[in-house]
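What the coordinates show
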Amino acid sequence: MNNEPVVQLRGVTKRIGFKTIIDRISFDVPRGEVFGLLGPNGAGKTTTIRMMVGLMSITEGEIIIEGRSIRTHFEQAIRRVGAIVENPEMYKFLSGYRNLVHFARMTPGVSEARIREVISLVGLENRIDEKVRTYSLGMRQRLGVAQALLHKPSLLILDEPTNGLDPAGIRELRDHLRRLAREEGISVIVSSHLLSEMELMCDRIAVMQTGKLIDVRHIGEFVKEEGAAKVLFEIEPGQLAEAERTIRAAAIEAQASPDPSVSGGLLVTVERERIADVNAALVSAGIRVSGIRPVTKSLEDKFLEITGRDSIA
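Looking at an unreviewed UniProt entry, one finds the protein named Bacitracin ABC transporter ATP-binding protein and attributed to Gordoniibacillus kamchatkensis. Per UniProt, the protein carries the Sequence similarities (unreviewed entry) text "Belongs to the ABC transporter superfamily."

So this is what it looks like as structure tokens:
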């Protein structure tokens, strides 16, 4: 089995005049992974994608897709790519099906069976014969994904695909992309500044800021707490003060304070292996514990921590 990454970026740089737009970014995307480019507007996400699909030249570095360089073997490399940069453009007076037929004629080897296959993959079977002008924005996005999949790419690139979608449309698109990666083995690169959406959609994310790659991690690593854990103990509101005294008196290195956002909530910072000891001490003191749950940082918290920003653009 070929374990070579589907996409490899090696020191990719883009300069316009004396200004560096993208500054030596490098990452790999393996087969079947949903990989997110996360960053505020102006971070360089779209510029990176434009270089990957050949819409913008690379000043320095290399982009390799399925072993082929975008700079030296563009046609061979781009054959393995399906992409939607910004918004999918369709002929609104034609049906979804006729749009796909039109685009299929531009690509050798796309059969009627393949057209029907991609229609099924994106879940448009019941509306594909209706005119595109009757489609919701979410349906147009899915039709755009179907168009990008016609030639059986190994890499699907989507630039801000959830822009303008309502919550139902975002969820539908997210589920389809996850299914494509899982069942079809397609690698997906998605750019967005919607932090909560990336948390649900991606396997790994790359955080970008002002053209630089700040960090690349598995999604779970971004929200995983290191060292001491924060745990919320849910107890009777009238027992909060007693619970604090009990924890201070116990031979446990822990800090406890009421959580004003939760009635009867006691926020305890303690090493993970001592959480059970805290609970035992509370129960022994006659304090009723109705719930224990970890308090983890959201992806937004970690993003702000990593980039040092006070707000999201």
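Here the narrative resumes, following the displayed structure.
Overview of the overall build of the protein
Counting secondary structure elements, the protein contains 11 helices and 14 strands. A compact globule built from 313 residues should have a C-alpha radius of gyration of about 20 Å, whereas the protein, at 25 Å, is more than 25% larger. Reported as C-alpha extents along the three principal axes, the dimensions of the protein are approximately 75 × 50 × 40 Å. If you take every contact in the protein between residues at least 6 apart in sequence, the share linking residues at least 24 apart comes to 67%. Averaging the coordinates of the 42 positive side-chain charges in the protein and doing the same for the 42 negative ones gives two points 6 Å apart.

What to know about helix H3 (residues 96–104)
Burial analysis of H3 places seven of its nine residues in the buried class, which makes it a mostly covered element. For H3, the set of buried residues is Gly 96, Tyr 97, Asn 99, Leu 100, Val 101, Phe 103 and Ala 104.

Things to note about the packing of aromatic side chains
Each aromatic ring pair is characterised by the separation of its centres together with the angle its planes make. Throughout the structure, instances matching the rule amount to two aromatic pairs. For the ring pair Phe 27 and Phe 35, a centre distance of 4.8 Å and an interplane angle of 25° mean the geometry is stacked. Across the pair, Phe 35 and Phe 27 agree in class, each one buried.

Focus: the pattern of salt bridges
Across all of its chains, the model carries 16 salt bridges by this definition. We note a salt bridge from Asp 23 to Arg 24, for which the minimum N-O separation is 3.0 Å. When the shortest N-O distance is used, the salt bridge between Glu 117 and Arg 114 registers 3.2 Å. Of this pair, Glu 117 and Arg 114 both sit in helix H4 (residues 112–121), separated by three residues, roughly a single helical turn. Residue classification places Glu 117 among the partly exposed positions, given a relative accessible area of 34%. Residues participating in the shared-partner salt-bridge network are Asp 23, Arg 24 and Lys 212.

Brief notes about the pairing of strand E12 (residues 254–258)
Sheet topology places E12 next to strand E13 (residues 265–270); five bridges connect them, and they run antiparallel. Within E13, the position partnered with Ala 256 by the bridge is Val 268. Where E12 folds back onto E13 in an antiparallel hairpin, the turn is made up of six residues, including Gly 264, whose phi is positive at roughly 75°.

Thoughts on the packing of H3 against helix H5 (residues 137–149)
Running from N to C, H3 and H5 point in directions that differ by 25°, and their axes come no closer than 10 Å. When the interaxial angle is binned, H3 and H5 end up roughly parallel. Considering how the two elements wind past one another, H3 and H5 form a crossing that is right-handed. Each of Gly 96, Leu 100 and Phe 103 in H3 lies in contact with H5, whose residues at this interface are Leu 143, Ala 146 and Gln 147. Considered class by class, the residues forming the contact of H3 with H5 number four nonpolar, two polar and no charged.

Topic: the sheet that holds strand E14 (residues 289–294)
The strand order E12-E13-E11-E14 describes an open sheet built from four strands, whose pairing is antiparallel. This sheet does not close on itself; its edge strands, each paired only once, are E12 and E14. Taking each pair of neighbouring strands and ignoring which way they run, the sheet shows an average axis angle of 25°.

Reading guide: rules and limits
- Residues numbered from 1 in each chain as written.
- Predicted model: local features only at pLDDT ≥ 70, side-chain atom pairs only at ≥ 80, totals over all residues.
- Heavy atoms only, no water.
- UniProt positions renumbered as here; feature names shortened; annotations may be inferred.
- Helix = DSSP H or I, 4+ residues; strand = E, 2+ residues; numbered from the N terminus.
- Rg over C-alpha atoms; globule rule 2.2 N^0.38 Å.
- Contact = heavy atoms within 4.5 Å.
- Lys, Arg positive; Asp, Glu negative; His and termini not counted.
- Charge placed at Lys NZ, Arg CZ, Asp CG, Glu CD.
- Buried < 20%, exposed > 50% of the residue type's maximum accessible area, 1.4 Å probe, protein only.
- Phe/Tyr/Trp six-rings, centres within 6.5 Å; stacked < 30°, edge-to-face > 60°.
- Salt bridge = Lys/Arg side-chain N within 4 Å of Asp/Glu carboxyl O.
- Pairing = 2+ DSSP bridges.
- Axes fitted to C-alpha atoms, helices over the stretch in contact; angles between N-to-C directions.
- Parallel < 35°, antiparallel > 145°, perpendicular 65-115°, else oblique.
- Left-handed = near helix turned anticlockwise from the far one by under 90°.
- Nonpolar A, V, L, I, M, F, W, Y, C, P; charged D, E, K, R; others polar.

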